[in-house]
Amino acid sequence: MKAVRFMDSRGEARIGALEDARVRDAGPAGPQGFVPTPEAWAALGAAAGPEYDLADVRVLHPVVPEKILAIGVNYRSHADESELDVPQVPVVFAKWASALIGPDEDIVVPLEETRPDFEGEVAVVLGERVYRATDDEARSAIGGITAIHDVSGRRAQLETPLRQFTLGKSFDTFSPLGPAIASPDSVDLERIGLRTTVSGEVMQEAWTNDLVFGLTDLIVYLSKGLTLEAGDVIATGTPGGVGDSRTPPRYLEEGDIVEVWVEGVGTLRNPVRRERP
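Residues numbered from 1 in each chain as written. Predicted model: local features only at pLDDT ≥ 70, side-chain atom pairs only at ≥ 80, totals over all residues. Heavy atoms only, no water.

1. Some details on the pattern of salt bridges
Selection criterion: Whenever a carboxyl oxygen of Asp or Glu lies within 4 Å of a side-chain nitrogen of Lys or Arg, that contact is scored as a salt bridge. Starting at the N terminus, helices and strands are each numbered in turn, a helix being any DSSP run of H or I of at least four residues and a strand any DSSP run of E of at least two. The cut-offs for exposure are 20% and 50% of the maximum accessible area for each residue type, with area from a 1.4 Å probe on protein chains only; residues under the lower value are buried, those over the upper are exposed, and the others partly exposed.
What the rule picks out here adds up to 23 salt bridges. With a closest N to O distance of 3.0 Å, Arg14 and Asp25 form a salt bridge. With Arg14 in strand β2 (residues 13–19) and Asp25 in strand β3 (residues 22–28), this pair connects stretches of sequence that are 11 residues apart. Classification of Arg14 as buried rests on a relative accessible area of 13%.

2. Concerning unusual backbone geometry
For the bond running from Gly178 to Pro179, omega is 0°, close enough to zero to count as cis. By the element assignment, Pro179 lies in strand β14 (residues 175–182). We note that Asp104 has phi near 70°; this positive angle belongs to a residue other than glycine. Turning to its location among the elements, Asp104 is positioned in the loop between β8 (100–101) and β9 (107–109). For Arg132, which is not glycine, the phi torsion reads 50° and is therefore positive. On the secondary structure map, Arg132 appears in the loop between β11 (120–126) and α3 (135–141).

3. With respect to the side chain of Glu121
Keep this limit in mind: When charges are tallied, Lys and Arg are placed among the positive residues and Asp and Glu among the negative ones, while His and the ends of the chain are skipped. Polar contact criterion, stated in full: a pair of N or O atoms within 3.5 Å, where within protein one must be able to donate a hydrogen and the other to accept it, and residues adjacent in sequence count only if both atoms are side-chain atoms. A contact between two residues is defined here by any heavy atoms of the two lying within 4.5 Å.
Position of Glu121 among the secondary structure elements: in strand β11. Within the buried set, Glu121 has no salt-bridge partner at all; the shortest N-O distance to an opposite charge, 5.5 Å, is to Lys169. Among the polar contacts made by the side chain of Glu121, one reaches the main-chain amide nitrogen of Gly237 at a distance of 2.8 Å. With residues near it in sequence (within four places) discarded, Glu121 still touches Thr146, Ala147, Ile148, Asp150, Leu194, Ala235, Thr236, Gly237, Thr238, Val260 and Val262.

Listed below in structure tokens is the structure:
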């Protein structure tokens, strides 16, 4: 099962069940969008509202999380290309929710950013509150899977002595999310396919069984001292192939189209443009 948040013809945000290219209305979206609790999935499965062609509605990012927790250097291929050691514990940083956009919205590169880069990732959406989760509790807390594009301003990320991540990864529009949330029973949580394409060229391709720290490992680690809430998003890391590590580098340019495909979820597509002076 897949859930979307969409705008209807009256401009009202709604929740819908996505089946093939049809969306079945499941009622109004609350301020957090679709929070994938067991109750929310049950309500979605029972929805009997009007149906729309997917092409006739505007799809929004599916959830409005309280926290976006992101993981760096979580594929060995990315550690190798970045000339970094494989971490012994997860590398954690934050992305601000103000950076969120949905499918087909423009990624807008700020005037000052000279090294805009792409990072396609599998994202976990929490379905329940957890604190100090065991392995079993962490697995149970996975409410759904979606795609996130961790757009990265490498100039802002790498120009400071300590390589701060938050600003360069939280510029407005730098967190496309969606297009849907897939239920955890509809995907193989141990091996989810991921592919990033920029203007028709495949740049990244991997499976989550290559993660240094798997999905449940991350929830266990993050919940030690930090309460994870239903609706929170964990961006699980990007594989090798990012633009900054290529020779020559391949940065995002005006007119590019970035597509992040996550198995069981679909394709998150966003055009790129530069900020106008």
